[in-house]
Amino acid sequence: MNEAIFNKHASNFVINRQTTDLGVSRRHSLKFKGVYYQSQGKITCVKEGVVVRLKEAHNRLDEVIINPLNGDEIEGPYPSIGHVISEMFPSHPISYYSSLTIANSEDFKDSINALKNLVLTQSRYGAFEINQKSKSITITTLTDQRKCERNSQVVIPILSEINIDSTFHFYMSDLYNVFNLLSENGPESIQIHFAGKRLPITLECGNAYIMLAQSNITTDSE
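Residues numbered from 1 in each chain as written. Predicted model: local features only at pLDDT ≥ 70, side-chain atom pairs only at ≥ 80, totals over all residues. Heavy atoms only, no water.

Draft legend 1. Molecular detail of the nonpolar core. In this structure, Phe 6 and Phe 179 are the most contacted members of the largest nonpolar core, which totals 47 residues. For this core, the element with the most residues is helix α5 (residues 172–182), which contributes 7 residues. With residues up to four places along the chain from it excluded, the contact list for Phe 6 reads Met 1, Phe 13, Val 35, Ile 43, Cys 45, Val 52, Leu 54 and Leu 181. Residues Val 46, Ile 65, Tyr 78 and Ile 85 belong to the second largest nonpolar core, which totals 12 residues. (Core = buried A, V, L, I, M, F, W, Y, C linked by side-chain atoms within 4.5 Å. Buried < 20%, exposed > 50% of the residue type's maximum accessible area, 1.4 Å probe, protein only. Helix = DSSP H or I, 4+ residues; strand = E, 2+ residues; numbered from the N terminus. Contact = heavy atoms within 4.5 Å.)

Draft legend 2. Representation of the sheet that holds strand β4 (residues 64–66) in the model. If you walk across this open sheet you meet the 9 strands as β5-β4-β1-β2-β3-β13-β12-β11-β6, and the pairing is antiparallel. The open sheet terminates on both sides in strands that have one partner only, identified here as β5 (73–74) and β6 (98–102). Of the pairings in the sheet, the one linking strand β1 (residues 35–37) to β4 comprises 3 bridges and is antiparallel in character. When the sheet's bridge partners are listed, Tyr 36 is paired in β4 with Ile 65. Sheet strands touched by α5: β2 (43–47), β3 (50–54), β6, β11 (190–194), β12 (201–205) and β13 (208–212). Its angle to β13, the strand with the most contacts, is close to 170 degrees. (Pairing = 2+ DSSP bridges. Axes fitted to C-alpha atoms, helices over the stretch in contact; angles between N-to-C directions.)

Draft legend 3. Focus on the packing of aromatic side chains. Per the counting criterion, the structure on display carries 8 aromatic pairs. Where Tyr 36 meets Tyr 78, the ring centres are 4.5 Å apart and the plane angle is 15 degrees; that geometry is what we call stacked. Pair noted here: Tyr 36 is in strand β1 and Tyr 78 is in the loop between β5 and α3 (82–88), with a separation of 42 residues, a long-range link. For the residue pair Tyr 36 and Tyr 78, the accessibility class agrees, reading buried in each case. (Phe/Tyr/Trp six-rings, centres within 6.5 Å; stacked < 30°, edge-to-face > 60°.)

What follows is the structure, encoded as structure tokens:
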């Protein structure tokens, strides 16, 4: 994925509000309205609950922060995101995480289109259910009562072997935006690393690495 392709999605991965709480001062958090172009072709974006990093994605010689909505340059420096990541994404040793692989195919793009329809017409929140028996991920919208709406779901096959069932909860729009971005790196497969409830998942595909936080909601099963 290069800069031109990423720019089609960039506005979905920057802060678009006047104020936000990312554990840094308001003056610094406003710089998260921009895309950070670093040396060696690296790109970084941060918003609430999502961190996007790309490598070898541009040929710019100078580091710069650019607002993707209007192309304006934002005065730097870009805030250190180490503290932001530690605040938003509690971590555990690598051995604590399980992994799975999904195909980044035309069928996956069909699933993304179906997911978009759920985002446009249904709940703000969704359940992300990993089932080892069916070797699939089922994304289901949640009702206002925090129950799964089984008539509104998207199923994505899992390519790899898995040995655990897990359920996570995300903002549907964030999940859609992340999958839609990663589809640009097809046909390279997508690796998903996951652990327990409240912990983030990470997604890797080609030169893209994304951290996605779970939403802080409680369902009727918890």
